[in-house]
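# Fold and geometry: a report
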Amino acid sequence: MAGLSGPTMTMWEQAVTIAMVVVGTMATRFVIFFIFSGGRPTPEYIKYLGRMLPAAAFGLLVVYCFRNESLFSGDHALPELAAAACTAGLHLWRRNMLLSMAGGTIFYMALIRFVA
């Protein structure tokens with residue numbers, strides 16, 4: 001990375017950092033199975049979060065994607081709006097969040113690469 005200066009990590013520090021990130025990620029993924037194991041019913045609040053968080057995360061992504069767009073300058077956010085429409089259309093058609101996000105992203109990348 002040209003132009004960056006400052007302290008660098010040794011190979012040992014990099015390995016320890018990567019290992020800690022892996023352990024932290026795996027712990028957050030697996031701890032839930034230990035907390036809610038044993039045949040006990042899942043609390044209603046956790047079920048509620050499981051239903052609501054995917055939509056909330058998707059809404060957060062929409063806000064994040066449009067936060068710096070202006071309708072009064074440049075391309076007027078047309079590629080972004082077209083990609084959002086594509087994403088919404090795919091989701092309404094197939095009801096598959098992965099397909100919707102991937103399809104909208106690919107469509108947006110194609111628009112900014114070949115059209116804009």
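Summarised in this report is the structure supplied together with it. (Residues numbered from 1 in each chain as written. Predicted model: local features only at pLDDT ≥ 70, side-chain atom pairs only at ≥ 80, totals over all residues. Heavy atoms only, no water.)

## Looking at the overall build of the protein
Short version of the rule: By definition, any uninterrupted DSSP run of H or I lasting at least four residues is a helix, any uninterrupted run of E lasting at least two residues is a strand, and each is numbered from the N terminus. Throughout, the radius of gyration refers to the C-alpha atoms, and the reference size of a globule is 2.2 Å times the residue count to the power 0.38. Categorising residues by exposure relies on relative accessible area from a 1.4 Å probe, with only protein chains included: less than 20% of the type maximum marks a residue as buried, more than 50% marks it as exposed, and the intermediate range marks it as partly exposed. Should any heavy atoms of two residues lie within 4.5 Å, those residues are counted as being in contact. Using a 1.4 Å probe, the Shrake-Rupley method yields the accessible areas, and only the shown protein chains count as cover for residues. Note that His is not counted, nor are the chain ends; the positive residues are Lys and Arg, and the negative ones are Asp and Glu. Taken as the charge centre is NZ of Lys, CZ of Arg, CG of Asp or CD of Glu, depending on the residue.
Scanning the protein from terminus to terminus reveals 4 helices and 0 strands. Computed over the C-alpha atoms, the radius of gyration of the protein is 21 Å, more than 25% above the 13 Å expected from 2.2 N^0.38 for a compact globule of 116 residues. Principal-axis analysis of the C-alpha atoms places the extent of the protein at approximately 55 × 50 × 20 Å. Within the span of the protein, comprising 116 residues, buried residues form 9% of the whole. When contacts within the protein are restricted to residue pairs at least 6 apart in sequence, long-range pairs at least 24 apart make up 36% of them. Of the accessible surface of the protein, which amounts to about 9700 Å², a share of 72% is contributed by carbon and sulfur atoms. Placing the 8 positive and 5 negative side-chain charges of the protein at their respective mean positions leaves the two points 15 Å apart.

## Here's the deal with helix α4 (residues 97-115)
An α-helical segment advances 3.6 residues per turn. Residues three or four places apart therefore align on the same side. Defined as follows: A helix is expected to reach a length of 1.5 Å times the quantity of its residues less one. Starting at the helix axis, one direction is taken to each C-beta atom, and the arc is that of these directions.
For α4, with 19 residues, the first-to-last C-alpha span of 26 Å sits near the 27 Å given by 1.5 Å per residue. If you check which residues of α4 are buried, you get S100, G103, G104 and L111. In an axial view of α4, the angular spread of the buried residues amounts to 100 degrees, which keeps them on one side of the axis. Opposite the buried face of α4, by more than 90 degrees, sit the exposed residues L98, I106, R113 and F114. Contacts from the buried residues of α4 go to α3 (78-94).

## Focus on the pattern of salt bridges
To keep it simple, the criterion reads: For this analysis, a salt bridge means a side-chain nitrogen from Lys or Arg found within 4 Å of a carboxyl oxygen belonging to Asp or Glu.
Tallying each qualifying case throughout the model produces 1 salt bridge. Notably, a salt bridge pairs K47 with E44, separated by 3.5 Å at the nearest N-O pair. Taken as a pair, K47 and E44 lie in helix α2 (residues 44-66) at a separation of 3 residues, close to a single helical turn.

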